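# Architecture at a glance
Chain by chain, the residues:
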Amino acid sequence: MPPGVLTDLLVEACLHLCGKKGMDNDFPENPHLPKGTVLPRNQVAGHKHEGRSKLGLLQHEDGTILKASQKPPRGTREVDFYKQVFDATCTDKTILQLRSFLPRFFGVCHLEEYPDVTYLKLENIVYPFRKPCVVDIKMGKRTYDPEAGPAKIAKEVTKFPYVEKFGFQFTGMQTYDPVEQKTKFYDKFFCRKLGEDELLKKGLGAFFNLQQCLRRDAIQVLLEKLREIESWFASQTMFSFYASSLLLVYEGDMPYNNYLSPCIQCHSKEDSGCGSSGCGSTELDQNEDSSGCTCESDKTDDISSISIENSSSVISTSLNDIKTESSEDLHNDAIADVRMIDFTHVFSQGEIDENYLFGLRNLIRNLEMLLELPS
Ligand SMILES: Nc1ncnc2c1ncn2[C@@H]1O[C@H](COP(=O)(O)OP(=O)(O)OP(=O)(O)O)[C@@H](O)[C@H]1O
Ligand SMILES: O=P(O)(O)O[C@@H]1[C@H](O)[C@H](O)[C@@H](OP(=O)(O)O)[C@H](OP(=O)(O)O)[C@H]1O
């Protein structure tokens, strides 16, 4: 067992005895951030919060994600979409089923510091994971909507050369290397440079730890969920999703006795294939996080700086609901999860969304192919 493993096991045991899981999300507040918020540590793509001039995603102390609504029409489309899907009076089967594929929506809110900005308050999909491996996959052969002008179309079609062929593209990912005990980050530039024949091994493969020990368990869980989403898309004609993403997450920190031990025994750092050089990734040593043993209740206390818009037609808008649902997440020992995110370009076109479906089926096929690779 390499040095450091035992330490982590002890820390993990301590966290479990305290009734808590690994708290990657416990880190000091930045004084320049709105009160009660931190930067989401596991954001792999999209608009990042850089202050007033560049609003993006924030993480609230209660663990939820606060996504700044973009300028109309994008922002209003996304807010309207979430409100429609999570309307408590809704009985439409297609929408009710769709709800389970999305992060839970807790309504919109405003921060004291930015009273004129509307924030969507969303379930944080990566929160239940100790060492989350996360990839944002933008779906569709076509990533511009029917209202896009020539400049936007030109920008979108030149971004990733194989988008037509694959029907999906990686926009950013992070993956935990269990041997080196480091999280590796792959940005959009790395993702866009992946060649046609590299997507499987260097893209999906790198994400699922192919070089050391393919995470078949996570792939299988994700495939099951993706097939459910596929079957929803195969029959629904209510929505067309442009430039929307699937967020895939799995637990990188698995118990050593049922998954990691064989890999550690048969692979040294040297032959791990995606070490600190040559894979275009950057690394962050996360060992510093392993001592965070604080109480669950610490995460849910101060939400005073947020005002939730009073909308009785939206599910779970009360502060108590938010606290309860977030704490439930902490007890979820999930292996993997996938949700649809980013709805700034959702349209109603009354037809099967072949554009999305093509990419989804191809993604499923590629994951199946990954499982067939010799390990
Ligand atoms: N509900 C969520 N839970 C956890 N992480 C999330 C959630 N929603 C978004 N993220 C993180 O934030 C990133 C960006 O999200 P999203 O695509 O919604 O933002 P965006 O700014 O609209 O993106 P873009 O600029 O590509 O349109 C995702 O890749 C993911 O890492
Ligand atoms: O990854 P990059 O290079 O930053 O590119 C951005 C990314 O593709 C966003 O998803 C897109 O917003 P939409 O998905 O809302 O289209 C944005 O379009 P924009 O330039 O038109 O804002 C792009 O600039």
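Below you will find a few notes about this structure. (Residues numbered from 1 in each chain as written. Chains lettered and ligands numbered in written order. Predicted model: local features only at pLDDT ≥ 70, side-chain atom pairs only at ≥ 80, totals over all residues. Heavy atoms only, no water.)

Enumeration over the complete set of coordinates arrives at 25 aromatic pairs. Among the aromatic side chains, those forming a connected cluster through ring pairs are Phe-81, Tyr-82, Phe-86, Phe-101, Phe-105, Trp-232, Phe-233, Phe-239, Phe-241, Phe-343 and Tyr-356. When the ring centre of Phe-358 is taken as origin, the NZ or CZ atom of Lys-141, which lies over that ring, is 4.2 Å away. (Phe/Tyr/Trp six-rings, centres within 6.5 Å; stacked < 30°, edge-to-face > 60°. Lys NZ or Arg CZ within 6 Å of the ring centre and 35° of its normal.)

We now examine the side chain of Gln-212. Mapped onto the fold, Gln-212 is located in the loop between α7 (199-207) and α8 (216-235). Relative accessible area serves as the criterion here: at 7%, Gln-212 is assigned to the buried category. In this structure the side chain of Gln-212 is engaged in a polar contact, spanning 3.1 Å, whose partner is the side chain of Asp-177. (Helix = DSSP H or I, 4+ residues; strand = E, 2+ residues; numbered from the N terminus. Buried < 20%, exposed > 50% of the residue type's maximum accessible area, 1.4 Å probe, protein only. Polar contact = N/O pair within 3.5 Å; in protein donor to acceptor, adjacent residues only side chain to side chain.)

Time to look at the site of ligand 2. Close to ligand 2 lie Arg-74, Lys-138, Lys-152, Lys-155, Glu-156, Lys-159, Lys-188, Arg-192, Ala-243, Thr-344 and His-345, which account for all nearby residues. A distance of 2.4 Å separates an oxygen atom of ligand 2 from a polar atom in the side chain of Lys-155. Measuring from an oxygen atom of ligand 2, one finds a side-chain N or O atom of His-345 at 2.7 Å. Alone, ligand 2 offers 500 Å² of accessible surface; in the complex the protein occludes 71% of this. Mapped onto the shell around ligand 2, the elements with two or more residues apiece are α4 (150-159) and α6 (188-192). When residues in the shell around ligand 2 are grouped by element, the largest group, four residues, is from α4. (Near = heavy atom within 4 Å. Areas by Shrake-Rupley, 256 points an atom, 1.4 Å probe, with all protein chains shown as cover.)

Once that is clear, we can look at the site of ligand 1. Near ligand 1 lie 18 residues; those nearest to it are Val-44, His-47, Lys-67, Glu-123 and Asp-136. Take Glu-123: an N or O atom from its main chain is 2.8 Å from a nitrogen atom of ligand 1. A class-by-class count of the residues in the shell around ligand 1 yields eight nonpolar, six polar and four charged. (Nonpolar A, V, L, I, M, F, W, Y, C, P; charged D, E, K, R; others polar.)

This next bit is on the packing of α7 against helix α11 (residues 354-372). The interhelical angle for the contact between α7 and α11, taken along N-to-C directions, is 90°, at an axis separation of 11 Å. Here α11 runs roughly perpendicular to α7, going by the angle between their axes. Contacts between α7 and α11 involve Leu-200, Leu-204 and Gly-205 from the former and Leu-363, Asn-366, Leu-367, Met-369 and Leu-370 from the latter. Tallied by class, the residues present in the contact of α7 with α11 amount to six nonpolar, two polar and no charged. (Axes fitted to C-alpha atoms, helices over the stretch in contact; angles between N-to-C directions. Parallel < 35°, antiparallel > 145°, perpendicular 65-115°, else oblique. Contact = heavy atoms within 4.5 Å.)

Once that is clear, we can look at the pairing of strand β10 (residues 245-251). In terms of residue burial, β10 counts as a mostly covered element, since seven of its seven residues are buried. Residues Ser-245, Leu-247, Val-249 and Glu-251 line one face of β10 and the alternating positions Leu-246, Leu-248 and Tyr-250 line the opposite face, and both faces are buried. Judged from the six bridges that link them, β10 and strand β13 (residues 336-341) form a sheet pairing that is antiparallel. Note that in β13 the partner of Ser-245 across the bridge is Ile-341. (Pairing = 2+ DSSP bridges.)

Here we take up the packing of α8 against α11. At a minimum axis separation of 10 Å, α8 and α11 run at an interaxial angle of 155°. Taken as axis vectors, α8 and α11 run roughly antiparallel relative to one another. For the element pair α8 and α11, the recorded crossing hand is left-handed. Mapping the contact onto sequence places Arg-216, Ile-219, Gln-220, Leu-223, Leu-226, Arg-227, Ile-229, Glu-230, Phe-233 and Ala-234 in α8 and Tyr-356, Leu-357, Leu-360, Arg-361, Leu-363, Ile-364, Leu-367, Glu-368, Leu-370 and Leu-371 in α11. Of the residues belonging to the contact of α8 with α11, the class tally is 14 nonpolar, one polar and five charged. (Left-handed = near helix turned anticlockwise from the far one by under 90°.)

Another point: unusual backbone geometry. Residue Pro-72 is joined to Pro-73 through a cis peptide bond whose omega torsion reads 5°. Within the secondary structure, Pro-73 sits in the loop between β3 (65-68) and α2 (74-85). The backbone of Gln-181 shows a phi angle near 55°, a positive value even though the residue is not glycine. Among the structural elements, Gln-181 can be located in the loop between β7 (168-177) and β8 (182-186). Unusually for a residue other than glycine, Ala-243 sits at a positive phi of about 55°. By the secondary structure assignment, Ala-243 is in the loop between β9 (240-241) and β10. Residue class for Ala-243 comes out buried when judged on its relative accessible area of 6%.

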